[in-house]
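# Survey of secondary and tertiary structure
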Amino acid sequence: MYLGIDLGTSGVKALLMDHAQKIVASGHGALDVSRPHHGWSEQNPADWISATEEAIGELKAKHPKELGAIKGIGLSGQMHGATLLDDRDQVLRPCILWNDTRSFAEAAALDADPRFRKITGNIVFPGFTAPKLAWVKNNEPEVFAKIAKVLLPKDFLRLWLTGEHISEMSDSAGTSWLDVANRRWSPDLLAATDLDERHMPSLVEGTERAGTLRAELAAKWGINGSVVVAGGAGDNAASACGMGIVKPGHAFVSLGTSGVLFASNGSYLPNPESAVHTFCHALPDTWHQMGVILSATDSLNWLSEITGKSAAELTQELGDELKAPTGVSFLPYLSGERTPHNDASIRGVFAGLGHESDRAALTQAVLEGVSFAFRDSLEALKTAGTTLSRVTAIGGGSRSRYWLKSIATALGVPVDIPADGDFGAAFGAARLGLIAAENVDPFAVCAAPETAETIEPDARQTDAYSNAYQRYRALYPAIRGVSS
């Protein structure tokens, strides 16, 4: 048996998989996000451990024999979080999360240093780890002085599981400290934030062994024998492993809290000016590019809270057939935006509202706005040298056929829906656990699932969507500087 642990923003998922990659069961532990100030987003790392124990406890209660047969564990997690430890591995402050934008000034200062884009292949975004450390140094110097190790969220779980300070390439590529082409820490970039390699975990590939489960935890969970913990992956790379998106030209669109358009690459293809992320993949000698939307299903959830209707009720009001845009536009910048604008202070807007704009029109505009944000990412990927002919849909929002029709039409490419199954980050992490434990071919393990259905672009709405996208594109420069 193999265990995949995915540390998300809203919870921890533990997924149990057998050697034939059949999913046996999964458990869950919930998490909350603290927002003590505008633009802040934090979690207590101790809560990650509690949620993981809850998720694994659920598995133990229902499947003790299978849990006891685990030979490999893979880890996946939310990226970019700054988990700061002292020389006794004690947490110094709450973890600053990926969607925290407080370090926008520090990010701009680091990005102005040409070494960062040259070495990392990426813009220094406020959500990345390095500017968060610069913010801590500027605003909490007493905390900064005590830092012995900086870990990413999933690697804090690894420390608890194994006692080791280890990370891997895909997650570390989102710190702004990694030499992404050469897959190693950059001493120059660390020095630019008054750190050095002693503050960093050691690095392995996502498919490699990265520690062994502590005997205390193995006994607690009823596991006999040694259990290998794999390097694992950042959440998007892990999802790609779960979906079999590991070869050049393969791509997925993820409709989760945030939105991701992810393309696998066989070589390093940086183009930071496009605000596309160029990161290492979880498999050796592979990379990936992705455009990132900070508020995807979060946008619909926001409207749900405002209207008192569930997200499912809102989308059901639209029916099954894709409608032409109404003239109401929505920019989904509720917490700023990454691709293509790299703007932490921009905020969302509705435009084109009239007396006739009812709840359904607002819902339709929100879905279209997120679809057009994905189109922005597609255009950015094109400028970075990647052309997509189709994408596979994952994430909670992909349950809405209407939304997938909107995305297919906005992107102008077919959207594949995988056959029933859980092919997300926890499954990808379990696959990495299998690869590390058994030393098998990662490309053979990370096969793509069968396609249950393909949603084609709606030719009847192509022109209307094209016009609506041009209106959408015109809104950002019109509101920049007045919406923050």
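Structure report, in brief. (Residues numbered from 1 in each chain as written. Predicted model: local features only at pLDDT ≥ 70, side-chain atom pairs only at ≥ 80, totals over all residues. Heavy atoms only, no water.)

### Quick look at the packing of aromatic side chains
- Counted by the stated rule, this structure contains 15 aromatic pairs.
- Here Trp160 and Trp221 contribute two aromatic rings whose centre-to-centre distance is 6.0 Å and whose plane-to-plane angle is 70°, an arrangement assigned as edge-to-face. Of this pair, Trp160 sits in helix H7 (residues 153-162) while Trp221 sits in the loop between helix H10 (215-220) and strand E14 (228-230), and the two are 61 residues apart along the sequence.
- What makes Trp160 buried here is its relative accessible area of 13%.
- Given the relative accessible area of 5%, Trp221 is considered buried.
- Taken together, the ring pairs in this structure connect Phe372, Tyr465, Tyr469 and Tyr472 into an aromatic cluster.
- In this arrangement the basic side chain of Arg102 is found over the ring face of Trp40, its NZ or CZ atom lying 3.5 Å from the centre.
- Positioned over the ring face of Trp287 is Arg183, at 4.9 Å from the centre of the ring. (Phe/Tyr/Trp six-rings, centres within 6.5 Å; stacked < 30°, edge-to-face > 60°. Helix = DSSP H or I, 4+ residues; strand = E, 2+ residues; numbered from the N terminus. Buried < 20%, exposed > 50% of the residue type's maximum accessible area, 1.4 Å probe, protein only. Lys NZ or Arg CZ within 6 Å of the ring centre and 35° of its normal.)

### Some thoughts on the packing of helix H11 (residues 235-243) against helix H16 (residues 425-438)
- Between H11 and H16, whose axes approach to 7 Å, the crossing angle comes to 75°. It follows that H11 is roughly perpendicular to H16 by the angle criterion. Residue-level contacts link Asp235, Ala238, Ser239, Cys241, Gly242 and Met243 of H11 to Ala425, Phe427, Gly428, Ala429, Arg431 and Leu432 of H16.
- Grouping the constituent residues of the contact of H11 with H16 by class yields seven nonpolar, three polar and two charged. (Axes fitted to C-alpha atoms, helices over the stretch in contact; angles between N-to-C directions. Parallel < 35°, antiparallel > 145°, perpendicular 65-115°, else oblique. Contact = heavy atoms within 4.5 Å. Nonpolar A, V, L, I, M, F, W, Y, C, P; charged D, E, K, R; others polar.)

### Section: the state of the cysteines
- Under the defined criterion, the tally for this structure stands at zero disulfides.
- The thiol of Cys280 is not disulfide-bonded; the next cysteine sulfur, from Cys241, is found 13 Å away.
- Distance from the sulfur of Cys446, which forms no disulfide, to the nearest cysteine sulfur (Cys241) is 4.4 Å. (Disulfide = S-S within 2.5 Å.)

### As for the pairing of strand E16 (residues 251-255)
- Buried residues dominate E16, accounting for five of its five residues.
- The sheet contact formed by E16 and strand E17 (residues 259-265) spans five bridges and is antiparallel. Bridging from a neighbouring strand, Leu255 pairs with Gly259 of E17.
- The hairpin turn running from E16 into E17, its antiparallel successor, is three residues long. (Pairing = 2+ DSSP bridges.)

These figures come from the coordinates and say nothing about function on their own.
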